[in-house]
Amino acid sequence: MLPAPARAPAPNRPPNKSEPSLVNDRDAGLVPSDSALAAGLPEPLPEPLYEPPNPEPEASIQHSLFGEILDWMLAPLLLLWPMSIAITYLVAKSIANQPFDHALEDRVTVLAQQVREVDGAVASRLPGSARDILRADDVDSVYFQVLDERGQHVDGDRELPRPRDDEGDKDGAVHFRSDAVHGTPVRVAYLYVNLDPFHQADAAATADEPAARKALVQVAETLDKRALLANEIIKGVILPQFIILPVILALVWFALSRGLSPLAELQQRIRARSSDDLSPIDSRQVPEEISPLVGSLNDMLGRLAQTIDMQKRFIADAAHQMKTPLAGMRMQSELALRQVDPDEIHRSLEQLAKSSESATRLVNQLLALARAENQPHAGLAFEDIELGALARSVVQDWVPASFTHGIDLGYEPHDDAVDIAGNAMMLRELLSNLIDNALRYTPSGGSVTVRVRRDGEHALLEVEDTGPGIAPAERAHVFERFYRILGNSAPGSGLGLAIVREIAGQHNAEVDIFNNPRAHSKKFPGSLFRLTFPPPASDPIDAA
């Protein structure tokens, strides 16, 4: 034999909220007391009435796609343009040096041919006219110099500096270096002339044969012509860029406008739609890059259309269900107005009260269902809840109603605490609808038992009754809105179990319906509603 279930005691009388409140502003602490004023205590300063709004975060500022692409294209272009000018200048200098270096090489070669050794001394047989031709230059200043093997000045300009020992090989080839004369940069071409034609110029000195004697010949010129040529080259390259750059900007602007035109066309097509047109957007008329965005938008439109259809059906069903109690209330009120007999008037008012009670319950259930359905979108805060304490509290609230129906309402606790993660307000609504459903369908003299237990890591909440039960074929439909089993005369609107399913889904709980295993009557096999909750997380979660 099963142990008798523990019965919940009758709840205490709640405070009467209709009594007028005796708390005034002074009692609430809004105004200082007389004792505080007498003691000379300073009054609290009033809070500022206006606080300047926080600056809008950078992430929430709207950006233009056109502007972003234009910035990312023009910023590198404007950065590379000065670099291209610098590289062009270096290349232009290199190009300008080549022809002038060749001319300088020819001059130093011709001058070297005029250097001879006469009677053991180095001499330059350069006539005056040749000197004038050598120095003839209307732009640059030309310098030349001839030094013997000992570095003694033979001919030319004394101020022309000598090359360092590590500059160039004394192999008879022409070498170049950059130097300065009187602080002016010059380009110098120089070579070493072998004074002994029968001695190899590049032969190394030995004990038997000394090194060849060499004279130094140098020709230098300033860099004015080179700078002019380099500037002309730069002008020839840079000036067309100033003309091409605006053209490039115009072409980039046109290309971006042309490339983003499908977005403008998509915007126009969406704007041209009527407010009730939620049909999918044709993704074949948009670029491939926008197709994922259009696909996501079509998915959202599909979900929105489904939600609107559900709301329309809900409103239609609610309006249909509200017709019956409202029509009954109107009929009873009109009947009461026509009655003269006080008994008949009293009977009509009783019917009117029942109809208003039915309408009130229907409205409350509609509001509860709407609140339950909208909670996942608004965000439902979960917390750790002891399921046994919550179930005991709800059962206590329904004890007076069970007395009215003549039904034995009981609660069977679990030995240990049964913790779950959930929302207490919504779970109370769920259990209240299960108990209300059981009380309405259980005949007088029956029993309804609420039970909390644990099956492994899962928490179980069970509500069993001794009513007519639910056929297996009907169990999948009883959770639908406004669904009523045919042939059942129990009062109700068919919303209670729909609310139960919605709240259970928010808590990831499974709802199952069985026959009551403790019922012994074939006519009243009873029902067992079992909710299986998942194991609670270690920390409170958010089911938004």
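Check the entry above for the structure.
Thresholds applied
- Residues numbered from 1 in each chain as written.
- Predicted model: local features only at pLDDT ≥ 70, side-chain atom pairs only at ≥ 80, totals over all residues.
- Heavy atoms only, no water.
- Helix = DSSP H or I, 4+ residues; strand = E, 2+ residues; numbered from the N terminus.
- Buried < 20%, exposed > 50% of the residue type's maximum accessible area, 1.4 Å probe, protein only.
- Contact = heavy atoms within 4.5 Å.
- Areas by Shrake-Rupley, 256 points an atom, 1.4 Å probe, with all protein chains shown as cover.
- Axes fitted to C-alpha atoms, helices over the stretch in contact; angles between N-to-C directions.
- Parallel < 35°, antiparallel > 145°, perpendicular 65-115°, else oblique.
- Left-handed = near helix turned anticlockwise from the far one by under 90°.
- Nonpolar A, V, L, I, M, F, W, Y, C, P; charged D, E, K, R; others polar.
- Pairing = 2+ DSSP bridges.
- Core = buried A, V, L, I, M, F, W, Y, C linked by side-chain atoms within 4.5 Å.
- Polar contact = N/O pair within 3.5 Å; in protein donor to acceptor, adjacent residues only side chain to side chain.
- Expected span 1.5 Å × (residues − 1).
- Bend = angle between axes of the 7 residues up to and from the residue.
- Salt bridge = Lys/Arg side-chain N within 4 Å of Asp/Glu carboxyl O.
- Patch = residues over 30% accessible without salt bridge, like charges linked within 9 Å, V, L, I, M, F, W, Y side chains within 5 Å.

Colleague: Please clarify how the overall build of the protein chain should be interpreted in this entry.
Modeller: Helix and strand counts for the protein chain stand at 10 helices and 14 strands. Looking at the protein chain as a whole, 31% of its 544 residues are labelled buried. When contacts within the protein chain are restricted to residue pairs at least 6 apart in sequence, those whose partners lie at least 24 apart make up 67%. A total of about 34300 Å² of accessible surface is found on the protein chain, and carbon and sulfur atoms cover 57% of it.

Colleague: Even after reading the chapter, I still don't get unusual backbone geometry, so can you show me in this structure?
Modeller: Glycine aside, negative phi is the norm for most residues, and most peptide bonds take the trans geometry. Of note, His-182 is a non-glycine position whose phi angle comes to about 55°, a positive value. Phi is positive for Asn-508, close to 55°, though the residue is something other than glycine. Tracing the sequence through the fold places Asn-508 in the loop between helix H10 (496-506) and strand E13 (510-515). Judged by its relative accessible area of 60%, Asn-508 is exposed.

Colleague: Is there a simple way to explain the packing of helix H8 (residues 387-405) against helix H9 (residues 424-441) in this structure?
Modeller: Packed helix pairs are specified by the crossing angle of their axes together with the interaxial distance, meaning the distance between the axes. Put simply, H8 and H9 touch, their axes get as near as 10 Å, and they point 30° apart. In this view, H8 runs roughly parallel relative to H9, as classed from their interaxial angle. For the element pair H8 and H9, the recorded crossing hand is right-handed. Of the residues in H9, those touching H8 at Leu-390, Ala-391, Ser-393, Val-394, Val-395, Asp-397, Trp-398, Ala-401, Ser-402 and His-405 are Ala-424, Leu-427, Arg-428, Leu-431, Ser-432, Ile-435, Asp-436 and Leu-439. The class makeup of the residues in the contact of H8 with H9 is 11 nonpolar, 4 polar and 3 charged.

Colleague: Looking at this structure, I do not really get the sheet that holds strand E9 (residues 408-412). What am I missing?
Modeller: The strands making up a sheet associate through backbone hydrogen bonding, with each pair oriented either parallel or antiparallel. Read across the sheet, 5 strands follow the order E9-E11-E12-E14-E13 without closing on themselves; strand pairing throughout is mixed. Each end of this open sheet is capped by a strand with a single partner; those strands are E9 and E13. When strand polarity is set aside, the average angle formed by the axes of neighbouring strands in this sheet is 15°. By the bridge criterion, 7 bridges tie strand E12 (residues 458-465) to strand E14 (residues 527-533) in an arrangement that is antiparallel. By the bridge assignment, Asp-465 is partnered in E14 with Ser-527. In the packing of H8 onto the sheet, contacts are made with E9, strand E11 (447-455), E12 and E14, and the angle to E9 comes to roughly 170°. Lying on the sheet, H9 is in contact with E9, E11, E12 and E14; it crosses E12 at an angle near 25°.

Colleague: Looking at this structure, I do not really get the sheet that holds strand E4 (residues 153-156). What am I missing?
Modeller: Spatial strand order, E4-E3-E7-E6-E5: 5 strands in an open sheet with antiparallel pairing. Lying at the two open borders of the sheet, with one neighbouring strand each, are E4 and strand E5 (175-181). Taking each pair of neighbouring strands and ignoring which way they run, the sheet shows an average axis angle of 25°. Contacts between helix H2 (residues 65-113) and the sheet are confined to strand E3 (142-147), E5, strand E6 (184-194) and strand E7 (214-222), with E7 contributing the most and set at about 145° to the helix.

Colleague: Is there a simple way to explain the packing of H2 against helix H4 (residues 224-259) in this structure?
Modeller: Closest axis-to-axis distance for the H2/H4 pair is 9 Å, and the angle between their directions is 160°. Relative to H4, the element H2 lies roughly antiparallel. Between H2 and H4 lies a crossing whose hand is right-handed. Split by residue class, the contact of H2 with H4 holds 28 nonpolar, 5 polar and 4 charged.

Colleague: Teacher, can you tell me more about the side chain of Asp-157 here?
Modeller: With respect to the helices and strands, the residue Asp-157 is situated in the loop between E4 and E5. A residue is classified by how much of its surface remains accessible, and Asp-157, at 12% relative accessible area, is buried. With sequence-adjacent residues up to four places away left out, Asp-157 is seen in contact with Arg-135, Val-142, Tyr-143, Phe-144 and Gln-145.

Colleague: Any chance you could explain the nonpolar core here in plain terms?
Modeller: General note: in soluble globular proteins, nonpolar side chains tend to be found buried as a group. Judged by nonpolar contacts, the single largest core of 40 residues is most densely connected at Ile-435, Val-450, Leu-461 and Phe-533. When residues of this core are traced back to their parent elements, those giving at least two are H8, E9, H9, E11, E12, H10 and E14. With 8 residues, H9 is the single largest residue contributor to this core. What Val-450 contacts, discounting residues up to four positions off in sequence, is Ala-391, Val-395, Gly-410, Tyr-411, Glu-412, Leu-431, Ile-435, Leu-461, Glu-462 and Val-463.

Colleague: Explain the side chain of Glu-464 here, please?
Modeller: The residue Glu-464 is located in strand E12 in this model. A polar contact of 3.1 Å, which involves the side chain of Glu-464, links it to the side chain of Arg-451. Only 3.1 Å separates the side chain of Glu-464 from the side chain of Arg-518, close enough to count as a polar contact. Discounting chain neighbours no more than four positions away, the residues touching Glu-464 are Ser-447, Val-448, Thr-449, Arg-451, Asn-516, Pro-517, Arg-518, Ser-527 and Leu-528.

Colleague: What exactly am I supposed to notice about H4 here?
Modeller: The periodicity of an α-helix, 3.6 residues per turn, causes residues three or four positions apart to be oriented the same way. Taking 1.5 Å of rise per residue, the 36 residues of H4 would be expected to cover 52 Å, and the 51 Å separating its terminal C-alpha atoms lies within 8% of that figure. Its axis deflected by about 30° at Ile-243, H4 carries its strongest bend there, up to four residues before the proline Pro-246. If you follow the buried residues of H4, they end up packed against H2, E6 and E7.

Colleague: Mind showing me how you'd approach the pairing of E4 here?
Modeller: The two faces of the sheet receive side chains in turn, since in a regular strand these alternate between them. Across 3 bridges, the pairing between E3 and E4 is antiparallel. Along E4, the bridge assignment pairs Leu-147 with His-153. Joining the antiparallel neighbours E3 and E4 is a turn of 5 residues, in which Gly-151 adopts a positive phi near 85°.

Colleague: Just checking my understanding: could you explain H2 for this structure?
Modeller: When the terminal C-alpha atoms of H2 are compared, their 72 Å separation across 49 residues agrees well with the 72 Å that a helix rising 1.5 Å per residue should span. Helix geometry: H2 is bent most strongly at Gln-98, by close to 25°, with proline Pro-99 lying one to four residues after it. For H2, every residue scored as buried is listed here: Phe-66, Leu-70, Thr-88, Ala-92, Ala-96, Phe-100, Asp-101, Leu-104, Val-108, Leu-111 and Ala-112. Close packing links the buried residues of H2 with strand E1 (115-118), E3, E5, E6, E7 and H4.

Colleague: Can you help me understand the pattern of salt bridges in this one?
Modeller: Side chains that differ in charge, positive against negative, can pair when their charged atoms come close. Going through the model one piece at a time under the given rule, you end up with 20 salt bridges. When the shortest N-O distance is used, the salt bridge between Arg-177 and Asp-179 registers 3.1 Å. For the salt bridge of Glu-221 with Lys-225, the shortest nitrogen-to-oxygen distance reads 3.6 Å. Glu-221 gets classed as buried once you look at its relative accessible area, which sits at 3%.

Colleague: Teacher, can you tell me more about a nonpolar patch on the surface here?
Modeller: Taken together, the side chains of Leu-239, Phe-242, Ile-243, Ile-244 and Ile-248 present a nonpolar region at the surface, about 480 Å² in accessible area. Inspection of the secondary structure assignment puts Ile-248 in helix H4. Assessed through its relative accessible area of 33%, Ile-248 is described here as partly exposed.

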